[in-house]
Structures are given as structure tokens and as C-alpha cells.
Amino acid sequence: MRSIDRDLSSHADVQLAKVIIKVNALDQYRIRRALASNDAHFKHVFYLIPLLLHYNLPELPAYVENAPHGIYQFSFNHYQQRFFDTLIPEEKKTTVMHCVFDGIYSMGSTGSIVQTTKSDLDLWICHNDEMSSEDYQLIEQKLAKLTQWAKGLGIEVNFYFMNPERFKSNHYNCGVSEEHSGSAQHFFLLDEFYRSAVRLAGKRLLWLHLSDNDYKKAIKSKKIDLNEWIDFGDFSSLSTSEFFGASLWQLYKGIESPYKSAIKILLLESYAQTYPETKLISKQFKQKLLSNKTEYYHFDSYLAMLEQVTDYLKNRKELSRLDRLRQCFYLKAKEGKVLYNWRERELQSLIAEWGWTDEEIALLNSRPKWKMKQAIVQDKMLVEQLLQSYRNLINFANKFHINPSIMTNDTDILMRKLYSVFEILPGKVTLLNPHITPDLSEQNITFIEAQDSSAMKAGWYLINQSPKSAYDSSQRFVQYNKNLHKLVAWAYFNGMITVSTKLHVISQHVDLHKLRQFITDLRLFFPVSAPKISENELLHPNEIRSLILAINLTNDPTQHFADIRRDFHSSDLFSFNAFEQNLVGSVSIIYRNMWNEIRTQHFEGEQAVLNALKLLSNKIYRNSAPPQSVNVFCYSKQFRSELRETIADLVHRCISVQTGSIYANAFNTVKVAGRTWQLVFSDKNVKIKPVAEQAVEKVKRLTILSHLSKKGENRVVVYPSQINDFASEGFLQFFFEDGKNGCFNVYILDENNHIENYTSCSGTKEEKIREINRLYAEQYLENDQNSIFNYPQFYQLLEEGDEVKIVPFQSKQHREFMQKQG
């Protein structure tokens, strides 16, 4: 019996040795292809990062004193050896005794057909648990220095500090960020890693070298020394609950990498189609790798994705989506500098298979020169492709009653970011994906104002040519909007208008001088580029960051006035002369909020200034920080500076009341068109009331409350005032408050920030959240909305002494608080 065991063990060793040779050959094949797709700087970074993590010496780049270092069984290649020998004297060439890192793997597009000179280098740095918090900090400093060193050579490197044991236990070191998916995905991330990993140094991947049965036996019997291998686990507990978070993550990544994400989210959709036996590419790859074929298996993970998704779409007879997929794949593969190598040959082979015409290929190849019309077509295609997959995955989750595994806190962050980018709302400026084409600037732009007629809708039209140029009558204009300021904002923030753009205007109300001045003011005081959004800001109420008001841009009551020179009070400007005429005819508002949305609003008529002040007051959250910049510009023919100063003062007063700098009763009344008005501030919102009506309403309100209290029916909701600080318009928000006997209270703010509450709720909060999300998703599908990411948001009230603190549900602060409670 023991002899048979020995024979079987010997056979397994022989098989394992064969697989190691195959994997080594595949790694070298991918490395050769990766280097062939890039320049000398890439080769320098690619080869030296393992060396710089193995040795930590002052003579080497990215040195950090006392930083842990050393890679398991590190050995030099020729390039590394020459570099090391050049910089390090013989007396310092000592052996690293204690190795902190188990292995370094490149993953993603490395060595694939879509790796270009613009591709990032994603590296998994694998380590064990024997590390103090001080060691972690030193390694983070080291990795930060390595990132900067690589960036100086033009290479973007992303490090993922991975611990296999923590990964297998689904323990998340960090939440969602630009590069980290938090709890959004686990097995799908592992699937991508296993199908694309290239070992640069250190231990080998256990799962990749053994069949599923042999892998389970090796883990159980421990006949293999597991200390010599890296093991991130297998897919035996793969759950469909991950589809929701993974699809959100791909939409999120689609903001920065639209073409790649359009491919990956379609892959998720194809995976869902094979439920419950999900056919992961990594498992198909391993099956071919472990087959008895004598030749080496050269596997391209992106070509495998393309093949799988192509079969999926063909089976569904969705040929238009298949054509869009191929466009995305081709454009992703054509990013960066054109290097005529194996990639070009592979792409030409694919083009021949797809049967593309010369005109189709020429259009896609001209991407760097695309202007706005083509960019709009591409942006629409990308959004439709991404959102169609997302809708199908939501439908799949609802069909099988799948509860998402993603943590609520990570859902909140992803949803808010997606809401800010994809949600189409009145007054919101649609920003095209900036990664479609590098330059949308135009030499000439013409704004045309049209009156309502049978041929044209009243409003403003933008043409990307001078008025006298010939243009295609079938595509007469690039963009239309009812309001000039929103059309200008759209062109400006999407990069069409620059300093060198020649402006033209055809209008009865706005001349060229006024238009130029408005755009100059916008450019000088409102930068196109927005600051990066932090996780904190995404969890924060959506406050105004930068604000511009344009007075009398399109409607100027003073344009027909003769020159007037007399003494007057600033309040007279809103109730001028014997006719008590308001000299503010229009107020145009543009602001950028904390989530980097560009929002606009326009008011015309006698109450324009009042409505503008009311809107701004309601957009400034109680006790929040004031906007970082506020600018008021006036374009009237008469009283320009006086109107600007008066309105600027009123705007700052409104902001000061809401942010707590001055009391509400310090706000003066405003006389407009012969009537006296006052802004009435409350905890929930701000209203405009004629002064005469306020006293009447107060009597009515007291009478009603008195009547209700006599009957014992007073239903006024008493809630923690801190909830006001979290009110975000557009979202349904739930605030949990722990009560006695395991029950809890829930305060709910609806999309308009109206509040209601439910007390002594039973069950668990997690169950309530799952049910709320399920109902919301069903409603979304029934309504067949094009885009909706205002999923409910969840918070927890924490009592620390006499203080009430509100944190996102399941956030790090929430978990730490629960641990303290024991």
C-alpha cells in the first residue's frame, strides 16, 4: 500500500514539475510581449521594482531607512545584476537574511494585446502577517517613493499590498478608492488575478499549478510544503451575491477607463448567464494549462475575454452590442504610441475576421483628432454599453433574489460617484468622458439665439464654425439649450472653448462684447479642471464648492435707459423709479458642488433675484462650510457695479445665515417691484414670504398646533439635529438609532429632505437594508429608467456620552464603535 502511495506521489511530482515548466514559459512569453509593447523606461521600471523591494540601500532609488525588505528566493536577471553592480560597492553586497515579501506579481493587461504605452502597471505585493504597524507605515512610504520614482520615468504603477490569509477570509484592508475595490468584489478580482498574473519574483501560485481535486487534497493533507507557495484560495465558495458590487465597481472604473470597463462589465454579464455553474475564464485557462499537450500554452487574458463575450452576444443575437464591444476592444488596444509589433499583427487579424471597412477603421484610427460631434456619439455609445450591462445584472440579481455581498458603506461611495457622473438631471451640465479624445477645442464657435417658430425651438444653438462657414445642413448644430449660460457652461467645461477660440453670436439680446466678457469671467474665476474627490467628500453632503451668478446676461431692463445720474439707495435697484421697476431681469447661476457636478439654474422676471437667493439658501446646508469661491458678475448697461455689489451682499448674507455666521433675524427685508419680501429660514428649508403674509400665517400655524395638541394628535417629529448636516437632496436617507431591548428607531429623509420616523423597529438592520434595496431595484427595473444611481443611503447614530455622532452604516467608524461596545 505504501508503495502505491509513493508511486502516486512520484507521479504527482512529475506532473507538478511539468506544470511549473509551462507556467515559467508562459511568464517569460508574457514578459517578452510586455517589453516589446513599451519603451526603455518601462523596461527599467518593470525589471527594477523587484530589485528595489528586495534591497533597501541608500545608493538605490526609493530608499526608506529601516523599511522592511527582501523577497523570497530572489535571484538577479542580467539587467538587474548590471544595475546593481554599477551602484553598489562590493562590501555592501550582502545577502538579505529576512525576507518580508512572499512574491511580486504583475496582473491585468501585462503582456496582453491591450497593453499599450498608456497602460498602468498593476503589481500585487504578497506578504505574510508577521508585520507591525510601524513596518506597515515604512512599507507604505517605500511604495509611495517607488510610485513617484516610476512616475518620473513616465510609468504609472499601482501597488496592491496583499496578504493571502486575510484575502481568503474576505477581510478588507481598505474601502473603495480609485484603485481599490473594497468589498465590491472578491472572487471576480481573484479570477482576473489568476488568469493574468505574471510572476516577477518570489513564490509560485498554488492554485494555478494543481487541478481542483489535487489542490483540495494538497491543502488538506499538507503533503506539499505550503510555505513555499502563495495561496489566495479557490472558487469553491463563489457566490452570485458579488455580481452587484462587481458591476458597480466596473461602472466606477468606467469613468477613468471607459473602454476597458465596457469589456469587463460585459464579461460579468456573460458570467451571470452561466449561473449557477459560472464559467470563469481563470478556470478554463487552468484546464488548458494542465492538459497533456506537449506544446506551451500561450494565453492572452484579454483575447479570452473577447472570445467569451463574443460567444455570449452571438448566442443572444445582440449584434449591435457585439459591434460596440469590438469598437471598445479595438480603441483600448490602440491607445498610446503606435509600435509596429506583434500587437498590430494580432489586431489586423481581428479586423479581417470582423469584416470592417476601410472607412470604419479610418474613423476609429482618427480618435486623437475627434471633435465634439464624434465625441458625443462615442460617449453615448459607451454609456449605453455600460448601463445596459448594469441593467441586465440587476435584473439577474432580482430574478434569483440575490442579496449583494458588498458592504453598505462601499455601496454609498460607489453610488454617489456614479450618481454624480451618470445621472441626468434638469440644470445639470452633462460632462463627456474626458478619456474619449484628448482635445475638443474649436477654432470658431457661434452661439445663435432663435425665437419660437415652426422650424426651430426657442433657445440657443451652438455651431462649431464661424457664421459664414459652409456646414452640413443635416447636422446644423452641435448642441441646443434653452438657456445661454448652460450652453456656454457645457462648451466650456467640456473643453470646446479655450483662450484661442474665436467667438461669434447672433442674437437680439446678447452682443459679442457681453458674451466675451461672460466667458472671460467664467474662465478666470472657474477652472475647468476639478479637484479629485476624496472618500470623505463622497460621504459628505453635496455642498456648493464654487459659485458664479451672472446678472442681466440675457434680459437687461436697463438696456433702453438713457444715462441716469442721481442719488439713490441700493434697495431702489429692485424697485426703481415711479413705476417701481426691478432692474434685475435675469439671474443665471453656475456652481460646482463637492461631488464635482456642474449645476445651473436660470431665473427671469421681477422675482428673479428673490428666487435665486432662495435657491442658493436651500443649497447651502445648515452649519456647513461656506463655498470656497463666490463671484457675482453683472452685464447690465446701467448700474452695473451697484447691482453687482448689492446682490453680492445679499448672497453673502444668505450664505452667512445658513453657515451660522449671522442670525437669521439679522437678514434685512428686500423691496422688489413695490412689495416687501423676506427670506424665512427654518431647519428644513428657506422660503420667500411677503412681509404682510407672515403675520397671518403665524396666527394660522399657532391655531392649528393648539387644536392638535388639545386632541393629543401632535405628530411633530423630534429628531437629532445632526441629521440636518447629512441631508443630501436627491437621495433617500435612513438614519438608524439604537433603542432598548434590541429594537431601533429609523429616521428617514426623502429626496426633498422631508423627514419622518419609525420607532421600536424589530429584526435586524441588515435585513431592513436588504429589503429596502430590493424594493428600490425592482422599482428601478419597472420604471425602465436610463440611469439611476440615487440608491438609498444608510447611517448609524452613535451616542458617545452626551454627544450624538452620525457615521455611514458599516463604515470603519461604525465597526470600531461596535467593537468597543463589546
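Residues numbered from 1 in each chain as written. Predicted model: local features only at pLDDT ≥ 70, side-chain atom pairs only at ≥ 80, totals over all residues. Heavy atoms only, no water.

Caption draft 1: Inspection of the pairing of strand β3 (residues 157–162) at higher detail. Here β3 lies mainly inside the structure; 6 of its 6 residues are buried. A two-sided burial pattern is seen for β3, the buried positions comprising V157, F159 and F161 on one face and N158, Y160 and M162 on the other. Since strand β2 (residues 121–127) and β3 lie parallel, the crossover through helix α4 (residues 133–152) that links them has a hand, and here it is right-handed. (Buried < 20%, exposed > 50% of the residue type's maximum accessible area, 1.4 Å probe, protein only. Helix = DSSP H or I, 4+ residues; strand = E, 2+ residues; numbered from the N terminus. Right-handed = clockwise from strand over helix to strand, strands pointing away.)

Caption draft 2: Structural view of the nonpolar core. Of all hydrophobic cores here, the largest spans 102 residues; its most connected members are W124, F193, L205, F232, F329, Y390 and F789. At 9 residues, helix α10 (residues 258–273) tops the list of elements feeding residues into this core. Each residue touching W124, except ones within four places of it in the same chain, is listed here: G103, I104, Y105, M107, Y160, M162, L189, F193 and F232. With 41 residues, the next largest nonpolar core counts L60, F83, V100 and F101 among its residues. (Core = buried A, V, L, I, M, F, W, Y, C linked by side-chain atoms within 4.5 Å. Contact = heavy atoms within 4.5 Å.)

Caption draft 3: Molecular detail of the packing of aromatic side chains. Considering all chains together, one arrives at 39 aromatic pairs under this definition. By way of ring pairs, the aromatic residues Y105, W124, F167, F187, F193, Y194, W207, F232 and F235 are connected into one cluster. R33 extends its terminal NZ or CZ atom over the ring of W342, reaching a point 3.8 Å from the ring centre. (Phe/Tyr/Trp six-rings, centres within 6.5 Å; stacked < 30°, edge-to-face > 60°. Lys NZ or Arg CZ within 6 Å of the ring centre and 35° of its normal.)

Caption draft 4: Representation of unusual backbone geometry within the structure. The phi dihedral of K317 falls on the positive side, at around 60°, and the residue is not glycine. With respect to the secondary-structure elements, K317 resides in the loop between α12 (301–315) and α13 (319–333). Overall, the relative accessible area of 70% leaves K317 in the exposed class. In this structure, S760 takes a positive phi of about 55° despite not being glycine. Mapped onto the secondary structure, S760 falls in strand β20 (residues 755–761).

Caption draft 5: Fine view of the sheet that holds β2. Across the sheet, 4 strands lie side by side as β3-β2-β1-β4; this open sheet has mixed pairing. The strands lining the two open edges of the sheet, one partner per strand, are β3 and β4 (198–202). For this sheet, the mean inter-axis angle between neighbouring strands, taken without regard to orientation, is 20°. Inspection of the sheet shows strand β1 (residues 101–107) paired to β4 by 4 bridges, in the antiparallel sense. Across the sheet, I104 pairs through a bridge with A201, a residue of β4. Of the strands in this sheet, β1, β2 and β3 are in contact with α4, which crosses β3 at around 160°. The strands that helix α6 (residues 187–196) touches are β1, β2 and β4; relative to β1, the one it contacts most, it runs at about 85°. (Pairing = 2+ DSSP bridges. Axes fitted to C-alpha atoms, helices over the stretch in contact; angles between N-to-C directions.)

Caption draft 6: Focus on helix α22 (residues 640–659). Taking 1.5 Å of rise per residue, the 20 residues of α22 would be expected to cover 28 Å, and the 28 Å separating its terminal C-alpha atoms lies within 8% of that figure. Within the sequence span of α22, burial applies to L643, T646, I647, A648, L650, V651, C654, I655, S656, V657, Q658 and T659. Positive backbone phi, approximately 90°, marks G660, located one or two places after α22. (Expected span 1.5 Å × (residues − 1).)

Caption draft 7: View of the sheet that holds strand β10 (residues 502–506). With mixed pairing, 4 strands are arranged side by side in an open sheet as β9-β8-β7-β10. Sheet topology places β9 (479–481) and β10 at the edges, where each strand pairs with a single neighbour. Each strand of the sheet is rotated relative to its neighbour by a mean of 20°, with strand direction disregarded. Bridging between strand β7 (residues 444–450) and strand β8 (residues 459–463) involves 5 bridges; their strand directions are antiparallel. By the bridge assignment for β8, T446 is matched with I463. Helix α19 (residues 512–525) contacts β7 and β10 of the sheet and is inclined by roughly 130° relative to β10.

Caption draft 8: Here's a closer look at the pattern of salt bridges. Taken as a whole and judged by the stated rule, the model has 23 salt bridges. In this structure, the salt-bridge partner of E165 is K168, at a minimum N-O distance of 3.2 Å. Of the two residues, E165 and K168 are both situated in helix α5 (residues 164–168); the distance of 3 residues between them amounts to about one turn of the helix. Its relative accessible area of 32% is what places K168 among the partly exposed residues. With a closest N to O distance of 3.5 Å, E335 and K332 form a salt bridge. Judged by relative accessible area, which is 8%, K332 ranks as buried. (Salt bridge = Lys/Arg side-chain N within 4 Å of Asp/Glu carboxyl O.)

Caption draft 9: How the structure looks around the packing of helix α9 (residues 242–253) against helix α17 (residues 408–422). Here α9 crosses α17 at 40°, and the two axes come no closer than 10 Å. With respect to α17, the element α9 is oriented oblique. Like other packed secondary-structure pairs, α9 and α17 cross with a definite hand, here left-handed. From α9, F244, L248, W249, L251 and Y252 reach across to α17, where they touch T411, L414, M415, K417, L418 and F422. Of the residues assigned to the contact of α9 with α17, the class counts are 9 nonpolar, 1 polar and 1 charged. (Parallel < 35°, antiparallel > 145°, perpendicular 65-115°, else oblique. Left-handed = near helix turned anticlockwise from the far one by under 90°. Nonpolar A, V, L, I, M, F, W, Y, C, P; charged D, E, K, R; others polar.)

Caption draft 10: Fine view of the pairing of strand β12 (residues 586–593). Within β12, 8 of the 8 residues are buried, leaving the element largely enclosed by the surrounding structure. In this structure, strand β11 (residues 544–551) lies alongside β12, joined through 7 bridges in antiparallel fashion. Considered in β12, the bridge of I551 is made with V587. Count of turn residues in the β12/strand β13 (residues 598–604) antiparallel hairpin: 4 residues, of which N596 carries a positive phi of about 65°.

Caption draft 11: A look at the confidence of the model for the protein chain. Within the protein chain, residue pLDDT values average 84, and 85% of them lie at 70 or more. Across residues 693–715 the pLDDT falls below 50, and counting only partners more than four positions away or on other chains, this stretch makes 7 contacts in the model. (pLDDT = per-residue confidence, 0-100.)

Caption draft 12: Structural view of the side chain of S588. Examined against the element boundaries, S588 turns out to sit in strand β12. Residue S588 is classed as buried on the basis of its relative accessible area, which comes to 2%. In terms of polar contacts, S588 uses its side chain to reach the side chain of H602, at 2.9 Å. Here S588 is in contact with H485, I548, L549, A550, L553, Q601 and H602, once residues within four sequence places are set aside. (Polar contact = N/O pair within 3.5 Å; in protein donor to acceptor, adjacent residues only side chain to side chain.)

Caption draft 13: Examining the environment of T498 more closely. Among the secondary structure elements, T498 is positioned in the loop between α18 (484–493) and β10. With relative accessibility at 26%, the residue T498 sits in the partly exposed group. Among all residues touching T498, those that are not within four sequence positions of it are S441 and R523.

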